[in-house]
Amino acid sequence: VPLQACGGGLVQAGGSLRLSCAASGRTFSRYVMGWFRQAPGKEREFVADITWSGYGTHYADSVKGRFTISRDSGKNTVYLQMNSLKPEDTAVYYCAAREDNTLIYDYWGQGTQVTVSS
């Protein structure tokens, strides 16, 4: 598994968590990196992504203004800073990577659980 996500946990509503996704075995410095999440009984949904340069970011409407995606290409790591967490943010969060000339994510991490209590 080339992507390893971590940083999940249990937090109260209004709290913060920082997820990390480290790539191993190859460099992802030229890839778009994304975060997705899947709540119980729901389909996996897009959360945020960031271009290889770090200058281009996109967010789902549900997390805009609360979540921030960033990357450290030197460390082959992408981060998701999650603030003002809500119970509806509870899900398994996955990081993924795709080449910048496609919309298909080819590489996926194993997921990390985020639980937000009310």
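If you're wondering where the values come from, they're calculated on a predicted model, not measured in any experiment.

### A word on the sheet that holds strand β7 (residues 67-72)
Ordered in space as β1-β3-β8-β7, the 4 strands form an open sheet in which the pairing is antiparallel. At either end of the open sheet lies a strand with only one pairing partner, and these are β1 (3-6) and β7. The mean inter-strand angle of the sheet, taken between neighbouring strand axes irrespective of direction, is 15 degrees. Strand direction decides the pairing type here: β1 and strand β3 (residues 17-23), joined by 4 bridges, are antiparallel. Counted as the bridge partner of Leu-3 is Ala-23 from β3.

### A word on unusual backbone geometry
The phi dihedral of Asn-76 falls on the positive side, at around 55 degrees, and the residue is not glycine. Among the secondary structure elements, Asn-76 is positioned in the loop between β7 and β8 (77-82). Taking relative accessible area as the criterion, Asn-76 reaches 17% and is therefore assigned buried.

### Digging into the pattern of salt bridges
Applying the stated rule across the entire model yields 5 salt bridges. Asp-89 is paired through a salt bridge with Arg-37; the nearest N and O atoms lie 2.9 Å apart. In this pair, Asp-89 is assigned in the loop between β8 and β9 (91-99) and Arg-37 in strand β4 (residues 31-38), connecting sequence segments 52 residues apart. The exposure class of Asp-89 is buried, given its relative accessible area of 0%. The class of Arg-37 is buried, set by a relative accessible area of 5%. The partner of Arg-66 in a salt bridge is Asp-89, and the shortest N-O contact between them spans 2.7 Å. Pair noted here: Arg-66 is in the loop between β6 (57-59) and β7 and Asp-89 is in the loop between β8 and β9, with a separation of 23 residues, a long-range link. Connected through salt bridges with shared partners, the residues Arg-37, Glu-45, Arg-66 and Asp-89 form a single ionic network.

Parameters and conventions
Residues numbered from 1 in each chain as written. Predicted model: local features only at pLDDT ≥ 70, side-chain atom pairs only at ≥ 80, totals over all residues. Heavy atoms only, no water. Pairing = 2+ DSSP bridges. Helix = DSSP H or I, 4+ residues; strand = E, 2+ residues; numbered from the N terminus. Axes fitted to C-alpha atoms, helices over the stretch in contact; angles between N-to-C directions. Buried < 20%, exposed > 50% of the residue type's maximum accessible area, 1.4 Å probe, protein only. Salt bridge = Lys/Arg side-chain N within 4 Å of Asp/Glu carboxyl O.

Keep in mind that these numbers describe shape and distance, not what the molecule does.
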